[in-house]
Amino acid sequence: MPASITNSTTRYGWGTILLHWLIALIFVGQFVLGFIMVRLASQRTAFELIQLHKSFGFLLLGLVTLRIAWRLGNAAPALPRSVGALERRAAPLAHLALYAFQIALPLSGWALVSVSMLEIPSMPFNLFVMPNLPLVESDAAESFWAAAHWYLAYAGIALVVLHVAAALRHHFRLRDNVLTRMITPSSGGE
């Protein structure tokens, strides 16, 4: 049977899989891009990378919002029976934390550019001007949001590392299908 776009009771569908890996790629890429852009000597190159970072931040915010809506309308497959009670309770909390960080991080970046005294417009992929959030511009607000964005980025990466470690533990130690079902989609008949 052909692969399904929606989830089944045992596997994820193409919709969830594509959103998961696209968001993962952008999220990790954003961290790398952010790390590089603040360490460049060339202000012009740094400025261009900052604009690209903002563009992908807005894209990430949109994709995560779509992912959450997709998740609400598409139940996740049940965990294998081998998964213990503590992990069954922790898994939904970990996923909720991942969603929260993936929303909070781009929002904190948007808040940062909104309160900046530099008043540089955000133009996602040079397509349109993204309006600022209705926040008061000030040096103090900019410092606050810069720190919040920095701490959220590092905490988000730590959470992603834990998520990857848990998936690898399931695959290599527990030898269950938790990882593979996020790679191979469900078929319509499952």
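Residues numbered from 1 in each chain as written. Predicted model: local features only at pLDDT ≥ 70, side-chain atom pairs only at ≥ 80, totals over all residues. Heavy atoms only, no water.

Peer 1: Pulling in residues and values, what's your account of the packing of helix α1 (residues 14-37) against helix α4 (residues 139-174)?
Peer 2: Contact geometry for α1 and α4: axes closest at 11 Å, N-to-C directions at 135°. The pairing of α1 with α4 is recorded here as oblique in orientation. The crossing of α1 and α4 is left-handed. Note on element contacts: α4 touches α1 through Ala153, Tyr154, Gly156, Ile157, Val160 and His163, opposite His20, Phe27, Val28, Phe31 and Phe35. When its residues are assigned to classes, the contact of α1 with α4 shows 8 nonpolar, 3 polar and no charged. (Axes fitted to C-alpha atoms, helices over the stretch in contact; angles between N-to-C directions. Helix = DSSP H or I, 4+ residues; strand = E, 2+ residues; numbered from the N terminus. Parallel < 35°, antiparallel > 145°, perpendicular 65-115°, else oblique. Left-handed = near helix turned anticlockwise from the far one by under 90°. Contact = heavy atoms within 4.5 Å. Nonpolar A, V, L, I, M, F, W, Y, C, P; charged D, E, K, R; others polar.)

Peer 1: Could you give me a rundown of the nonpolar core, with the residues and numbers involved?
Peer 2: The nonpolar side chains of a soluble globular protein tend to be buried with one another. Among the nonpolar cores identified, the biggest contains 13 residues, and Ile23, Phe27, Leu60 and Leu63 are the most heavily contacted of them. Broken down by secondary-structure element, the contributors of at least two residues to this core are α1, α2 (43-72), α3 (85-115) and α4. Contacts of Phe27, omitting those with residues within four sequence positions, involve Leu60, Gln102, Leu105, Gly156, Ile157 and Val160. In this structure, Phe58, Leu61, Val113 and Met130 belong to the second largest nonpolar core, which totals 5 residues. (Core = buried A, V, L, I, M, F, W, Y, C linked by side-chain atoms within 4.5 Å. Buried < 20%, exposed > 50% of the residue type's maximum accessible area, 1.4 Å probe, protein only.)

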